[in-house]
Amino acid sequence: FPRAYKDSSLIAMVGFWFVLTFWKDVGSTARNAAQALMGTLYAVLNSMIMNAVYPGGAKLAHINGYDATIAWADLAVAVFLLMFLNVSDKFRTFGLFYIAMFMMHYMNPYSVARFSRNFQVDVNGTGMSYLIVCASGCFLALLCTFLPYPRFLTTQCSRETTDVAQAMCGLMSQVVELYAGTQSSSALHQKCQKAADRINEKIGMLDDKIATMWWEGFDIGSQGQRRHLLQRFLALLKQLMDIIHGLEHAANVDDEAAGGVLKDLTGDIDELIRAQTSIMVGPGSLCEYVTEGDSGDHSAHASEVLRKADELARDAKTISQDYTRLRIEGGHKTMSVLLLEEDFLIYNLSALAQVMREFAITLMQQEEMDYGAAAWSKFLDTVDPFSQRGNVNFVFRGYVAYMLAFIAGVYIYGYDFTLAATIALILSRFTGSALERNLGRMQGVVLGLVLPAIAFYHLPTCSGGFGTAIFIAIILIFEGTCLYIYYSASARFAFIGMLTAAFAAQAFFQPCDSRAPSASLAFTKVTMTVTAILLMATIDLSVTQERPSQAVHSYQKEAFTLLRRGLRRFYAGSDIGQNLLRDAQSAADKGIFMAAQANNEPRFWRTAFPLRLVERVFDEASDMCADLRILNRASHSYNGSHKGTHDLDKLLGPRKESELWQQCTDDLFRQYDRVISLLIRCVEHESSGPNEALLKYEHNLQANDRLEELVDHMSEYLTYNTEADVLDDDRTRVGVALFILNSIHNRLDYIVEAILRG
């Protein structure tokens, strides 16, 4: 057997790496194992290169002409590449850990470690032994995901996708119920909002899981087809959530105060939603199609789905025609400010049917998958050379901490790699509170080192069968508790359970002759580990780093700047752009996450962080993103040539020459800039008080009066001044544009209300 399976210290590392690799499903564990093996292999290859340059390292300096400068230069470059290339966490952790170990042995003139020389593979060498240990831990982790039964992400994602689709259909029914009332119900409205938030959260989690599914089958065969179908279906769900947002927003209006035209169509709308539900879930539905994902011919199934989608589109068209008839019978003109909500609702119902039909058509098209490109993209996902937000700061902090720890290990602790290895394990891209994070690290590592030593000291774990039973019970209880925290707790506490379980596993997997309590040895381990954590904490707190509260301000400015740019593009007659909206939504999502971290920051002399205000503001930013996505879609026709065209620009022709259009546009951006400026000052605790906010309300009332004039102006234009007949769908899309113009004003009102409430 190789040395890796004879040396007790190496066997103990198997449990250590098992904890860092194992996760709740096959796909995630396979990904972690692959990245861990790549990181270990990176360190092994670096060691083989150095042992080819100077075989044996410093201990054979009298023979090989060892130059310490070359060794330090290699260490600096190898560590920098791992930090700068933005590799995955597991790749970086394993790579840095083993580089610290191998290079410390290589530079130690008294080391007895044995390494491969001249690129000859020696299975009993230190590098290959630890590679075998890492592979063993990864294999055991992967094996455990199949016990007592396989936990495939493919099955889990199929089930969760169906659950999300069913929840979405239920939300649509609630929205119809909300609209069916004679007046809006605030309780039901809040219920719909909470349901929508839960669905959006599940969709975000599904995004990551479906991407990780690649590791379970490498997109080969039916598994690959199912993953691609799930990805496309998830994109459909995201579009439908925008439409549901529009339905919910339009339904939350007092129908009696509005035009009241659609009251007689509530039953038809309910039937339309039921038909949409039958297409989404149930026998012969889209969910059944995408979750099967077999490689056989599904043309018959897809044809049936397309037939149902065509019927849904015809039903939506009938409702639109009935709406037009009722509007005329009610004496309403082409455009009316009282009918903007109804126009918006009709548009979203039509868009709902159209999106379903477009997706059904795409299912009829069989796509050939490029497996080589998919595999290469996954390699790029693992080693991404492009920097992320804050990457320079992360590289600098991590690189300085690691190199200082390595230097201290050489010159202070006598070639001990513990400091640098600990830095490798606790290094993280976590962008929350540095002080809180490092205190948590200290708890996890110290508990993992101390508690096993206490157990060995007070309990007879090596006294025959009884001691073995006690030992097994300790492992089951202690490791089970820590792993439960790791896999079940929030991100704020999960890493503490992971560190405790990992360091304790290394201590538990020791033979009896190595468990003899040594106070000095335990104290030395704890001291060096705490020193590494304090070093990391000192650098985190001293190096200029964006605090969570500062990150909130940055994301807030980024989100609202992008939204303003999107509005400007629309009013200039340009396409808003999906990339811009995606970036704005990403900034809002990250801002919400960072707000929770900022709320946990030690405030000391600073005032309390306005969490409720910030969360409300980012919610409004997300709603604005959804509004603009609907507006972007409404800007294009549904005649099959909607890509690359901007038909709504023609319908809104007079906006460039109309003084009224210009006034309304100026009103919007003036209100937008002043409210956002006030918001930024409030969040940064520099507000001039509520009086300034109240002035914005007065200005907004004037803007609403001008909006009514604009609706009448567009009504006259669409009725008398068009060269061709204006279709009902076109008139409805103009109503959508005016409704969203008014909606943005209202959302600014909501932000001001949040500011006034503190």
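Everything numeric here is computed off the predicted structure, so don't read it as measured data.

Calculation criteria
Residues numbered from 1 in each chain as written. Predicted model: local features only at pLDDT ≥ 70, side-chain atom pairs only at ≥ 80, totals over all residues. Heavy atoms only, no water. Helix = DSSP H or I, 4+ residues; strand = E, 2+ residues; numbered from the N terminus. Buried < 20%, exposed > 50% of the residue type's maximum accessible area, 1.4 Å probe, protein only. Areas by Shrake-Rupley, 256 points an atom, 1.4 Å probe, with all protein chains shown as cover. Phe/Tyr/Trp six-rings, centres within 6.5 Å; stacked < 30°, edge-to-face > 60°. pLDDT = per-residue confidence, 0-100. Contact = heavy atoms within 4.5 Å. Axes fitted to C-alpha atoms, helices over the stretch in contact; angles between N-to-C directions. Parallel < 35°, antiparallel > 145°, perpendicular 65-115°, else oblique. Left-handed = near helix turned anticlockwise from the far one by under 90°. Nonpolar A, V, L, I, M, F, W, Y, C, P; charged D, E, K, R; others polar. Core = buried A, V, L, I, M, F, W, Y, C linked by side-chain atoms within 4.5 Å. Polar contact = N/O pair within 3.5 Å; in protein donor to acceptor, adjacent residues only side chain to side chain. Expected span 1.5 Å × (residues − 1). Patch = residues over 30% accessible without salt bridge, like charges linked within 9 Å, V, L, I, M, F, W, Y side chains within 5 Å. Salt bridge = Lys/Arg side-chain N within 4 Å of Asp/Glu carboxyl O.

1. Here's the deal with the overall build of the protein
Reasoning step 1: Within the protein, the regular secondary structure consists of 28 helices and zero strands.
Reasoning step 2: Looking at the 758 residues of the protein, the share that counts as buried comes to 52%.
Reasoning step 3: When the accessible surface of the protein is totalled, it reaches about 33,500 Å², and 58% of it is carbon and sulfur.

2. A few points about the packing of aromatic side chains
Reasoning step 1: Taken as a whole, this structure holds 27 aromatic pairs when the rule is applied.
Reasoning step 2: Ring geometry for phenylalanine 22 and tyrosine 487: centres 5.8 Å apart, planes at 75°, overall edge-to-face. With phenylalanine 22 in the loop between α1 (8-21) and α2 (26-53) and tyrosine 487 in helix α19 (residues 464-488), the pair connects residues that are 465 residues apart, well separated along the chain.
Reasoning step 3: Tyrosine 487 sits in the buried class, given a relative accessible area of 15%.
Reasoning step 4: By the ring-pair criterion, three or more aromatic residues cluster together here, those being Phe16, Trp17, Phe94, Phe97, Tyr98, Phe102, Tyr130, Phe417 and Phe503.

3. Overview of the confidence of the model for the protein
Reasoning step 1: Considering every residue of the protein, the mean pLDDT works out to 76; 75% of them sit at 70 or more.
Reasoning step 2: For the protein, helix α15 (residues 371-382) is the element with the lowest average pLDDT, namely 52, and helix α4 (residues 68-84) is the one with the highest, namely 92.
Reasoning step 3: Within the model, pLDDT remains below 50 along residues 254-259, and this stretch shows 18 contacts once partners closer than five positions in the same chain are excluded.

4. With respect to the packing of helix α22 (residues 548-571) against helix α24 (residues 611-634)
Reasoning step 1: For the pair α22 and α24, the least separation of the axes is 11 Å and the interaxial angle reads 25°. On the basis of their axis angle, the class for α22 and α24 is roughly parallel. Crossing angle aside, the handedness with which α22 passes α24 is left-handed. Taking contact as the criterion, the partners of Val552, Tyr555, Gln556, Phe560, Leu563, Leu567 and Phe570 in α22 are, on α24, Val614, Val617, Phe618, Ala621, Met624, Cys625, Leu628 and Leu631.
Reasoning step 2: Partitioning the contact of α22 with α24 into residue classes produces 14 nonpolar, one polar and no charged.

5. What about the nonpolar core?
Reasoning step 1: Judged by nonpolar contacts, the single largest core of 117 residues is most densely connected at Phe233, Met280, Leu286 and Phe560.
Reasoning step 2: When residues in this core are grouped by element, the largest group, 14 residues, is from helix α14 (residues 340-363).
Reasoning step 3: With 97 residues, the next largest nonpolar core counts Tyr98, Met128, Phe508 and Met536 among its residues.

6. Digging into the environment of alanine 408
Reasoning step 1: By the secondary structure assignment, alanine 408 is in helix α16 (residues 391-411).
Reasoning step 2: Using a relative accessible area of 16% as the deciding quantity, one classes alanine 408 as buried.
Reasoning step 3: Separated by 124 residues in sequence, alanine 408 and alanine 532 have C-alpha atoms that sit 9.9 Å apart.
Reasoning step 4: Beyond its immediate chain neighbours, meaning those up to four positions away, alanine 408 contacts Tyr413 and Leu419.

7. Examining the packing of α2 against α4
Reasoning step 1: The N-to-C vectors of α2 and α4 enclose an angle of 160°; their axes lie 12 Å apart at closest approach. With respect to α4, the element α2 is oriented roughly antiparallel. Read as a crossing pair, α2 and α4 show a hand that is right-handed. In this structure, α2 contributes Tyr42, Asn46 and Met50 to the contact, and α4 contributes Ile70, Ala71, Asp74, Ala78, Leu81 and Leu82.
Reasoning step 2: The residue inventory of the contact of α2 with α4, partitioned by class, reads seven nonpolar, one polar and one charged.

8. Some thoughts on the environment of serine 111
Reasoning step 1: Looking at the element boundaries, serine 111 is found in the loop between α5 (89-107) and α6 (126-144).
Reasoning step 2: When the C-alpha positions of serine 111 and lysine 59 are compared, they lie 6.7 Å apart, and in sequence the two are 52 residues distant.
Reasoning step 3: In this structure serine 111 touches Lys59 and His105, once residues within four positions along its chain are discounted.
Reasoning step 4: Side-chain polar atoms of serine 111 contact the backbone nitrogen of alanine 113, separated by 3.1 Å.

9. Some remarks on the side chain of asparagine 348
Reasoning step 1: By the element assignment, asparagine 348 lies in helix α14.
Reasoning step 2: For asparagine 348, a relative accessible area of 0% puts it in the buried group.
Reasoning step 3: Among all residues touching asparagine 348, those that are not within four sequence positions of it are Ile243, Gly246, Leu247 and Ile630.

10. With respect to helix α23 (residues 578-599)
Reasoning step 1: Taking 1.5 Å as the rise per residue, α23 with 22 residues should run 32 Å; its terminal C-alpha atoms sit 32 Å apart, in good agreement.
Reasoning step 2: Those residues of α23 lying buried are Leu580, Leu581, Ala584, Gln585, Ala587, Ala588, Gly591, Met594, Ala595, Gln597 and Ala598.
Reasoning step 3: On its buried face, α23 sits against α22 and α24.

11. Comments concerning the side chain of threonine 422
Reasoning step 1: Position of threonine 422 among the secondary structure elements: in helix α17 (residues 418-426).
Reasoning step 2: With near-sequence residues (within four places) excluded, threonine 422 lies in contact with Thr529 and Ala532.

12. Here we look at a nonpolar patch on the surface
Reasoning step 1: Nonpolar side chains collect at one region of the surface, where Phe139, Leu140, Leu143, Phe146, Leu147 and Phe152 lie side by side and expose about 550 Å² of accessible area between them.
Reasoning step 2: Residue placement: leucine 147 occurs in the loop between α6 and α7 (153-180).
Reasoning step 3: You can call leucine 147 exposed: its relative accessible area is 54%.

13. A look at the pattern of salt bridges
Between side chains of opposite charge, pairing is possible as soon as their charged atoms come close.
Reasoning step 1: All told, the structure shown has 12 salt bridges when counted by the stated rule.
Reasoning step 2: For arginine 274, the salt bridge goes to aspartate 270, with nearest N and O atoms at 3.4 Å. Of this pair, arginine 274 and aspartate 270 both sit in helix α11 (residues 266-280), four residues apart, which is roughly one turn of that helix.
Reasoning step 3: The exposure class assigned to arginine 274 is exposed, which follows from its relative accessible area of 52%.

14. A few points about unusual backbone geometry
Reasoning step 1: The residue after leucine 147, namely proline 148, is reached through a cis peptide bond having omega -5°.
Reasoning step 2: Examined against the element boundaries, proline 148 turns out to sit in the loop between α6 and α7.
Reasoning step 3: The phi dihedral of phenylalanine 218 is positive, around 55°, even though this residue is not glycine.
Reasoning step 4: Turning to its location among the elements, phenylalanine 218 is positioned in the loop between α9 (214-217) and α10 (221-251).
Reasoning step 5: Unusually for a residue other than glycine, tyrosine 415 sits at a positive phi of about 60°.

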